[in-house]
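Survey of secondary and tertiary structure
The primary structure of each chain is shown beneath.
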Amino acid sequence: MDNCIFCKIAKKEIPSTVEYEDDKVIAFRDIEPAAPVHVLIVPKVHIKNIKEINGDNADLLKDIHNAANKVAEKLGVAESGYRLITNCGEDAGQTVFHLHYHLVGGRKLSPRIL
Ligand code: DGP
């Protein structure tokens with residue numbers, strides 16, 4: 001999508017620190033990290049958020065989880081633990097309307113989500 005920042009990152013039109021990439025997914029460091037490890041797992045196809053996941057595109061969730069596992073291993077949090085979060089819509093705090101999961105770890109996180 002023309003004006004989407006994550007589409008531009010996926011196409012390498014905007015630089016990012018890429019931690020994992022395959023033909024379906026790109027994972028790069030969040031520009032405003034909330035923890036020592038904070039990576040965004042992003043499908044290359046433009047989908048607004050999980051509300052747009054359906055029977056035709058749900059395979060992407062497998063690709064995203066596969067990428068998340070690889071990132072967690074690579075960045076050394078697979079055993080210590082991490083949180084995988086996706087915000088859907090404005091009340092959830094979604095600011096970039098291209099589906100993404102935050103992989104956050106590298107320190108003890110609050111047990112509460114909110
Ligand atoms: P959310 O609030 O769930 O929509 O999270 C969007 C995240 O995207 C937020 O943590 C900051 C990050 N972000 C926004 N613009 C950029 C960018 O240009 N580069 C990178 N690496 N991250 C960005």
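Since this is a predicted model, take the numbers as computed values, not measurements.

Secondary structure assignment for the chain yields two helices and five strands. Each helix and strand of the chain, placed in order from N terminus to C terminus, yields the pattern α-β-β-β-α-β-β. For a compact globule of 114 residues, the expected C-alpha radius of gyration is about 13 Å, and the chain comes in at 14 Å, within 12% of that figure. The dimensions of the chain, computed from C-alpha atoms along their principal axes, are 35 × 30 × 25 Å. Relative to its 114 residues, the chain shows a buried fraction of 36%. Of all intrachain contacts in the chain linking residues separated by at least 6 positions in sequence, the fraction that spans at least 24 positions is 53%. Taken as a whole, the chain presents about 7000 Å² of accessible surface, with 52% of it coming from carbon and sulfur. Positive and negative side-chain charges in the chain, numbering 15 and 16 respectively, have mean positions lying 4 Å apart.

The next point concerns the state of the cysteines. Applying the stated criterion across every chain, the model contains zero disulfides. In this model Cys-4 remains outside any disulfide bridge; the closest cysteine sulfur is found in Cys-7, 3.8 Å from its own.

Let us look at the pairing of strand 1 (residues 18–21). In regular strands, side chains alternate between the two faces of the sheet. Two strands pair when backbone bridges link them, and strand 1 and strand 2 (residues 25–29) are joined in this way by three bridges, in the antiparallel orientation. Note on strand 2: the bridge partner recorded for Glu-21 is Ile-26. Between strand 1 and strand 2, which follow one another and run antiparallel, lie three residues.

Definitions and limits used
- Residues numbered from 1 in each chain as written.
- Predicted model: local features only at pLDDT ≥ 70, side-chain atom pairs only at ≥ 80, totals over all residues.
- Heavy atoms only, no water.
- Helix = DSSP H or I, 4+ residues; strand = E, 2+ residues; numbered from the N terminus.
- Rg over C-alpha atoms; globule rule 2.2 N^0.38 Å.
- Buried < 20%, exposed > 50% of the residue type's maximum accessible area, 1.4 Å probe, protein only.
- Contact = heavy atoms within 4.5 Å.
- Areas by Shrake-Rupley, 256 points an atom, 1.4 Å probe, with all protein chains shown as cover.
- Lys, Arg positive; Asp, Glu negative; His and termini not counted.
- Charge placed at Lys NZ, Arg CZ, Asp CG, Glu CD.
- Disulfide = S-S within 2.5 Å.
- Pairing = 2+ DSSP bridges.

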